[in-house]
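# Structure at a glance
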Amino acid sequence: MTVSDPVENLSKLIRCPSVTPEEGGALTALAGMLEPLGFTVERMTAREAGTPDVENLYARLGAAGPHLMFAGHTDVVPPGDESAWKHPPFAAAIDDGRLYGRGAVDMKGGIACFVAALARHVEEHGPLAGSVSFLITGDEEGPSINGTDKLLQWAHARGERWDAALVGEPTNPDALGDMIKVGRRGSLSGRITVTGTQGHVAYPHRADNPLRALTAMLSALMATPFDDGTDRFPPSNLEVTSVDTGNPATNVIAATATAVFNIRFNDRWSEETLKAEIAARLERAAADTALRPGREPARFALEWLGRVSPVFLTRDDKLAGGLSDAIKAVTGREPALSTTGGTSDARFIKDYCPVVEFGLVGESMHKVDENVPVADLEQLTRIYRAFIERWFAIAVAR
Ligand SMILES: N[C@@H](CCC[C@H](NC(=O)CCC(=O)O)C(=O)O)C(=O)O
Ligand SMILES: [Zn+2]
Ligand SMILES: [Zn+2]
């Protein structure tokens, strides 16, 4: 059996309907590719009260260092309306040089290519000059509670240590070779609840419309930029993602109004300074009477939601440089070293070893008709292979 063909590998993975938190056969399919290459494959189910159990996989080839980790996820977002797809989302149809299916680029494709690259490397060079491991979760697209974070802790407790990691998320905006991610902004979410006084909409002086205060508060969060960006990071940006009173009537002023927001923040901020800045803006806006003449400052509560994702930057020129050289050698293009976009599971890996991210073109991720050009799969396999060769050459010489 050969696993050196990324198209075959990806087709097998796409045929597994592994919508978070379902394993869907995807980790079993991956194990079936890794075991013939000599990997020791282990499965780890992570559990936490109030969340679904999630299956994860850790596989290692080699016993000695240096040790390179490839990390990613086999879970996928739901396909949505399947009848809107040109080809069924779990069929792995090839049409006009493109392979269609949920996870094609995000990120079963990255896994399929790394498996193929490693198989080719071992076929040509024999045993590795160290170790390679796959750290693959089934909970990246979901809450990420029973995924990479717990899998890393589990593997670390068993003595696993890594010298570097590559995450195979789709990092390229338009073409293969555009972009390596060398860090990510942080992410913080919050909910504001303003308490007013319910009343008749035609007698607003007898009520206190909480939406008046909330409007000023949301404007205070969004109107003035938090910063202009830093050397290595784009500007921090806050977006309001929901506003609600739960009020179905058009002639009633609601008693309370809530809004939820998320901010993607750069290294100009710590969690503490950012929370303090947001709270101060809200306090000032709550006391602003422009929309509420003659009123007392609005009463409000601010809650922080979920976990804060940390901002991080990988400062390892050899790791990013080796990957950049491999991309240049295969594509002729010089990738940008970027920290744009969302957060990723690299935020957990950075506590264990330097981590960079590079995968397919992300344009169709999470969309109907997610697809990847077959030619990109071959090219990414060549890039990964060139990277593996460079990484071991540099790491062994260190
Ligand atoms: N739901 C998880 C993690 C959410 C991660 C998500 N990341 C992306 O969409 C990656 C896209 C890109 O590379 O730009 C995000 O940024 O929200 C959690 O909440 O922990
Ligand atoms: Zn992904
Ligand atoms: Zn995704």
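Note that the structure is a prediction, hence the values are computed from the model and not measured.

How each quantity is defined
Residues numbered from 1 in each chain as written. Chains lettered and ligands numbered in written order. Predicted model: local features only at pLDDT ≥ 70, side-chain atom pairs only at ≥ 80, totals over all residues. Heavy atoms only, no water. Helix = DSSP H or I, 4+ residues; strand = E, 2+ residues; numbered from the N terminus. Buried < 20%, exposed > 50% of the residue type's maximum accessible area, 1.4 Å probe, protein only. Pairing = 2+ DSSP bridges. Axes fitted to C-alpha atoms, helices over the stretch in contact; angles between N-to-C directions. Contact = heavy atoms within 4.5 Å. Domains from an automatic or database assignment. Buried area = accessible area lost by both parts, 1.4 Å probe. Salt bridge = Lys/Arg side-chain N within 4 Å of Asp/Glu carboxyl O. Donors = N, O, S within 2.8 Å, 3.2 Å for Na, K, Ca; no water. Tetrahedral: all angles 85-135°; square planar, octahedral: opposite > 155°, others 65-115°.

## Structural notes on the side chain of Thr 74
Here Thr 74 is to be found in the loop between strand 3 (67-73) and strand 4 (94-95). The buried category is assigned to Thr 74, whose relative accessible area is 2%.

## Observations concerning the sheet that holds strand 10 (residues 186-195)
Think of a sheet as strands paired side by side through backbone hydrogen bonds, with each pair either parallel or antiparallel. The strand order 12-14-10-15 describes an open sheet built from four strands, whose pairing is antiparallel. At either end of the open sheet lies a strand with only one pairing partner, and these are strand 12 (237-244) and strand 15 (299-309). Geometrically, the sheet is characterised by an average inter-axis angle of 20° between neighbouring strands, direction not taken into account. As paired elements, strand 10 and strand 14 (residues 256-265) share ten bridges and run antiparallel to each other. Bridge pairing in strand 14 links Leu 188 to Ile 263. Helix 6 (residues 271-287) contacts strand 10, strand 12, strand 14 and strand 15 of the sheet and is inclined by roughly 160° relative to strand 15.

## Focus on the domain arrangement of the protein chain
The domains assigned to the protein chain are domain 1 (6-184 + 311-397) and domain 2 (186-309). The centre of domain 1, based on its C-alpha atoms, is set 38 Å off from the matching centre of domain 2. Contact with domain 1, which involves 16 residues of that partner, is made by eleven residues of domain 2. Here domain 1 meets domain 2 over a buried area of about 990 Å², counting both sides, of which 54% is carbon and sulfur. Broken down residue by residue, the surface that domain 1 buries against domain 2 is led by Val 311, Leu 313 and Thr 339, which jointly contribute 50%. Across the salt bridge formed by Asp 149 and Arg 307, the nearest N and O atoms sit 3.5 Å from each other.

## What about the coordination of the zinc ion (ligand 3)?
Those protein atoms acting as donors to the zinc ion (ligand 3) are Asp 106 (OD), Glu 141 (OE), Glu 141 (OE) and His 366 (NE2), and they sit at 2.0 to 2.7 Å. Considering all four donor atoms around the zinc ion (ligand 3), angles at the metal cover 53 to 144° and the coordination shape is irregular. The sequence pattern formed by the donor residues of the zinc ion (ligand 3) is D-x34-E-x224-H. Separating the zinc ion (ligand 3) from the zinc ion (ligand 2) is a gap of 3.5 Å, bridged by Asp 106, which donates to each. Residue Glu 141 is located in the loop between strand 6 (131-137) and helix 4 (148-157), and its partner His 366 is located in the loop between strand 18 (355-357) and strand 19 (371-373); the two are separated by 225 residues in the primary sequence. The partly exposed category is assigned to Glu 141, whose relative accessible area is 22%.

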